[in-house]
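# Structural description and commentary
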Amino acid sequence: MFRDRNNKELTLSETIQRGINRIYNVFLDIELYLLYLLGHVPSHIIRKIGYQLAGMKIKGTIHMWARFYNPSNILIGEDTIVGDHAFLDGRKEIKIGNHVDIASEVMIYNSEHDLESEDFTAREEPVEIGDYVFIGPRVIIMPGVKIGKGAVVAGGAVVTKSVPDYAIVGGVPAKVIGERKNKNPKYRLGRARLFQ
């Protein structure tokens, strides 16, 4: 009889499934390491091609040193710029709209441990970011959050709940602190910095 790390008995089929999952995760770890190395290449075009080969659906730009889990669940819209040192989880879908400006060191999570679960399993929920959103530096976005069109998230905020269209939020946890006046944005972000 087989047992897991919590000493729970496993059937043969559960043991085989766990073995397959372990092999899959080894290959995923290798892919993530290669993407980590790719993130150091100072060329937007080369990085974008590499990310697309890994399954990411990307029309925008990701600056250097980004990190990912499961890039095939990440969709980044047109004219969107993701700043340097960003972390995009990807264990569940992350959908980022068009003309979104994401600053440096932003972390977007869509998986977290279920604190009430007997075996501390993961709870996964998609994250969606609407068009024309601005996310300030060092923001943390938690699983299941939807950020509405034109919203602004102030630097350092921890977003645990969905944000309405055109709202300005800040703080830990993030709360509405204002409202964006321009309700019909049409701007383009322009080109990304050359060696970032």
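Preceding this paragraph is the structure being described.
Values in this document were obtained by computation on a predicted structure and should not be read as measured data.

About the criteria used
- Throughout this document, residue positions are counted from 1 along each chain, in the order its sequence is written.
- Restriction of local features to residues with pLDDT of at least 70 applies here, the model being predicted, together with a cutoff of 80 or more for giving and counting side-chain atom pairs; totals for whole chains, interfaces and linings are based on all residues.
- Water and hydrogen atoms play no part in the side-chain values, which are based on all heavy atoms of the structure.
- Secondary structure elements are taken from DSSP: a helix is a run of H or I of four residues or more, a strand is a run of E of two residues or more, and numbering for both begins at the N terminus.
- Each residue is placed in one exposure class: buried if its accessible area under a 1.4 Å probe, protein chains only, is under 20% of its type's maximum, exposed if it is over 50%, and partly exposed if it falls in between.
- Contact definition: two residues touch when any of their heavy atoms are within 4.5 Å.
- Areas reported here follow the Shrake-Rupley algorithm with a probe of radius 1.4 Å; residue values treat only the protein chains shown as occluding.
- In this description, the arc belongs to the directions extending from the helix axis to the C-beta atoms.

### With respect to the overall build of the protein chain
Each helix and strand in the protein chain was counted, giving two helices and 21 strands. If one aligns the C-alpha atoms of the protein chain with their principal axes, the spans along those axes are about 65 × 40 × 20 Å. Looking at the protein chain as a whole, 40% of its 196 residues are labelled buried. Taking the contacts inside the protein chain whose residues are at least 6 apart along the sequence as the reference set, 26% of them involve residues at least 24 apart. Of the roughly 11400 Å² of accessible surface on the protein chain, 56% is carried by carbon and sulfur atoms.

### Notes on the environment of Thr61
Take Thr61: it is sitting in strand 4 (residues 61-62). In this structure, the C-alpha to C-alpha distance between Thr61 and Gly77, residues 16 residues apart in sequence, is 9.1 Å. Every residue in contact with Thr61, bar those within four places of it in the chain, is listed here: His44, Thr80, Ile81, Val82 and Ala192.

### Here's the deal with helix 2 (residues 44-53)
Among the residues of helix 2, His44, Arg47, Gly50 and Tyr51 are the ones counted as buried. With its buried residues spanning 135° around the axis, helix 2 presents them on a single face. Along helix 2, exposed side chains directed more than 90 degrees from the buried face belong to Ile45 and Leu53. Where helix 2 is buried, its residues contact helix 1 (12-38), strand 4 and strand 5 (67-68). Backbone geometry just downstream of helix 2 places Gly55 in the positive-phi region, at approximately 105°.

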